Amino acid sequence: MTPLRILVTGTTGKTGAAVIAQLRRRNVTVRAVVRRHDARSEKLEQSGVELVVADPLDRGQMVQTMAGVQRAYYLPPFDPSMLSAARVFAEAAEAASLESIVALSQWLASPGHPAWLTRQLWEMEAVFKGLRGVGCTIINPPFFADNYLRLIGFAAHLGVLPSLTGDSRNAPPSTEDIAAVAAAALLDPTMHAGRTYSPTGPELLSTSDMSRVLTNVLGRHVRRFEMPMWLFLKAARMQGVGPSELSGFRYWVRDHKLGAFAFCTPTDHVQRVTGRAPESFDAIARRYAAQPEAQRGLSASARAFADFMRTPMSPGYNLDRFDKERDIAAEPGAKFAMEDDAWKAWRTEQVRPNQGLRTLRTAAVA
């Protein structure tokens, strides 16, 4: 029998790295695709992962990369090459006769959304679902818990949780739970091919709720700080987030405020696929609170305060100009998710448990 080998893209991203960790714990051979050798890829290689440097837009290179591979986890690049890269990957998967692909998409994916990335993700889903002889599982989670916790340092040192979403709610999943669902689908494509999963956390929370959780976790009072978008764009640029992702993010915040992430949630998909309950926000927050940037001390608090104070004076992005220059602005008639009856009908059907079908039971991969 040929040993199972799984290809993983986006290996230096959060879900890509987490999927690799899940598979390696199951002693699965993993081949990681990277664009270049660097310190992060070297660390992967040292951990026992096969490393291949390839251009995701080169069909020949991608076919070669898939030689000896049976299945693949696909994390799309959040940049203007997204759809082109997905099409190249799909063509290579057919040529290499892959058994199945698990692709990460998005809760909001739809063809008429204002965000260009959201429209591209919907088209990516269609590309993979249309593959001949290659199974496909789509994973489209809502806002990750990481979206709220990546500024854990401000909460730990300054007692503030930056927020863009007011009192609207979400059931944020952990990166690890998303990866566990992806790994389960990769390990048993017969069970999961053709399905779409939307892993969420176990309960709906506003950022006010999250600040109360962080108050308990960090042992200090944490309050929500409602951040204007212009200030967020400066903070995001300071963290190295590019304009392609932020171009869509500003629309997703509006979706959040309209209630799109509270619609038909929480789901039971983590439980159904992995056999265990999803992580609570408290458990996820405790993991982030253990990170070095959240450890309190005089110098660390001083740095956090300095970063907070210099943010308004830092450069941001002109996203309207960015969209116009790349011809990716929303078309007339574009609809946010909660304004789109077709999206709401699809979402309702997609998360409803199928009556008469046996509950999915797979070994937990966490």
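This text follows the structure it describes.
Below, the structure is looked at part by part. (Residues numbered from 1 in each chain as written. Predicted model: local features only at pLDDT ≥ 70, side-chain atom pairs only at ≥ 80, totals over all residues. Heavy atoms only, no water.)

### Description of the overall build of the protein chain
Put simply, the rule reads: Strands here mean DSSP runs of E at least two residues long; helices mean DSSP runs of H or I at least four residues long; both are numbered from the N terminus. When we talk radius of gyration, it's over C-alpha atoms, and the globule rule is simply 2.2 Å times the number of residues to the 0.38. Buried means the residue's accessible area, taken with a 1.4 Å probe over protein chains only, is under 20% of the maximum for its type, while exposed means over 50%, and partly exposed covers the values in between. Contacts between residues were defined by any pair of non-hydrogen atoms, one from each residue, lying within 4.5 Å.
Per the secondary structure count, the protein chain includes 17 helices and nine strands. Taking 21 Å as the expected radius of gyration for a compact globule of 366 residues, we find that the protein chain reaches 20 Å, a close match to that expectation. Taking the principal axes of the C-alpha coordinates as reference, the protein chain spans close to 60 × 50 × 45 Å. The 366 residues of the protein chain split such that 53% are buried. Taking all contacts inside the protein chain whose residues are at least 6 apart in sequence as the whole, residues at least 24 apart take part in 81%.

### What about the nonpolar core?
Grouped burial of nonpolar side chains is what soluble globular proteins tend to show. We count it as follows: Each nonpolar core is a collection of buried residues, namely Ala, Val, Leu, Ile, Met, Phe, Trp, Tyr and Cys, held together in the definition by side-chain atoms within 4.5 Å.
Membership of the largest hydrophobic core comes to 74 residues, with the highest contact counts inside it found for Y74, F89, I101, F128, L149 and L214. Ranked by residues supplied to this core, first place goes to helix α4 (residues 82-95) with eight residues. Other than its neighbours up to four places away in sequence, F128 contacts Y74, A86, F89, A90, I101, A103 and C136. In terms of nonpolar packing, the next biggest core, distinct from the first, is built from 30 residues, V30, I139, V181 and A184 among them.

### Describing the pairing of strand β2 (residues 29-34)
In the case of a regular strand, side chains alternate between the two sheet surfaces. Which entries qualify depends on this criterion: Between any two strands, pairing holds if DSSP finds at least two bridges. Whether a crossover is right-handed depends on one test, that the path from the first strand over the helix to the second runs clockwise when the strands point away from the viewer.
Counting buried positions along β2 gives five out of six residues, so the element sits mostly inside the fold. As paired strands, strand β1 (residues 5-8) and β2 are joined by four bridges and run parallel to one another. Bridge pairing in β2 links I6 to V30. Crossover connection from β1 via helix α1 (residues 14-25) to parallel β2: handedness right-handed. Relative to strand β3 (residues 50-53), β2 runs parallel, the two sharing four bridges. Within β3, the residue paired with V34 across the bridge is V53. In terms of handedness, the path from β2 via helix α2 (residues 39-46) over to β3 forms a crossover that is right-handed.

### Comments concerning the sheet that holds strand β6 (residues 135-139)
Our working definition: Only the contacting stretch of a helix is used when fitting its axis, a line to C-alpha atoms as for every element, and angles between N-to-C directions run 0 to 180 degrees.
Taken together, the seven strands give an open sheet; going across it, the order is β3-β2-β1-β4-β5-β6-β8, and neighbouring strands pair in parallel fashion. Lying at the two open borders of the sheet, with one neighbouring strand each, are β3 and β8 (196-197). Looking at chain direction, β6 and β8 are connected through two bridges and run parallel. Bridge pairing in β8 places I139 opposite Y197. Against the sheet, α1 makes contact with β1, β2, β4 (71-74) and β5 (100-104), and its axis sits at roughly 165° relative to β1, the strand it touches most. On the sheet, helix α8 (residues 175-187) packs against β1, β4, β5, β6 and β8 and is oriented at approximately 155° with respect to β4.

### A look at the side chain of T311
Which entries qualify depends on this criterion: Within 3.5 Å is the distance limit for a polar contact, defined as a pair of N or O atoms, with the added protein rule that one can donate a hydrogen and the other accept it, and that residues adjacent in sequence qualify only through two side-chain atoms.
Position of T311 among the secondary structure elements: in the loop between α15 (298-310) and α16 (319-325). At 2.7 Å, the side chain of T311 and the backbone oxygen of D307 are in polar contact. If near-sequence neighbours (up to four positions away) are discounted, T311 is found in contact with L231, K234, A235 and M238.

### Focus: the packing of aromatic side chains
Using the following cut-off: Only the six-membered ring of Trp is used, alongside the rings of Phe and Tyr, when aromatic pairs are assigned; centres must lie within 6.5 Å, and planes under 30 degrees apart are stacked while those over 60 apart are edge-to-face, with the rest tilted. As a reminder, the over-ring test applies to NZ of lysine and CZ of arginine, requiring each to be within 6 Å of the ring centre and within 35 degrees of the ring normal.
Here the structure, examined in full by the defined rule, presents 13 aromatic pairs. Both rings, one in Y74 and one in F89, keep their centres 4.6 Å apart while their planes meet at 45°; by these two values the pair is tilted. Residue Y74 is found in strand β4, and its partner F89 is found in helix α4; the two are separated by 15 residues along the sequence. By relative accessible area, which is 1% here, F89 ends up buried. On the numbers, 6.4 Å between centres and 70° between planes, the contact of F78 with W252 is edge-to-face. Of the two residues, F78 is situated in the loop between β4 and α4 and W252 in helix α12 (residues 243-258); the sequence distance between them amounts to 174 residues. Taking the relative accessible area as the measure of exposure, W252 reaches 5% and is therefore buried. Through a chain of ring-to-ring contacts, the aromatic side chains of F78, F143, Y148, F232, F249, W252 and F261 assemble into a single cluster. Over the ring of W107 we find R347; its NZ or CZ atom is 3.7 Å from the centre of that ring.

### What to know about the packing of α4 against helix α5 (residues 116-129)
What counts, and what does not: Angles are sorted into four bins: roughly parallel if under 35 degrees, roughly antiparallel if over 145, roughly perpendicular if 65 to 115, and oblique for all others. Put simply, Ala, Val, Leu, Ile, Met, Phe, Trp, Tyr, Cys and Pro go in the nonpolar bin, Asp, Glu, Lys and Arg in the charged bin, and everything else, Gly too, in the polar bin.
Where α4 meets α5, the closest approach of the two axes is 9 Å, and the angle between their N-to-C directions is 10°. Here α4 is positioned roughly parallel relative to α5, judged by the angle of their axes. Contact with α4, carried on its side by M82, L83, A86, R87, F89 and A90, involves L117, Q120, L121, E123, M124, V127 and F128 of α5 and no other residues of that element. Partitioning the contact of α4 with α5 into residue classes produces 10 nonpolar, one polar and two charged.

### Section: the pattern of salt bridges
Keep this limit in mind: Should a side-chain nitrogen of Lys or Arg be within 4 Å of a carboxyl oxygen of Asp or Glu, the pair is scored as a salt bridge.
Applying the stated criterion to the full structure yields 23 salt bridges. R150 is the partner of D146 in a salt bridge, and the nearest nitrogen-oxygen pair spans 3.2 Å. Overall, D146 belongs to the buried group, its relative accessible area being 4%. If you follow the salt bridges from partner to partner, you end up with R5, R31 and E50 in one network.

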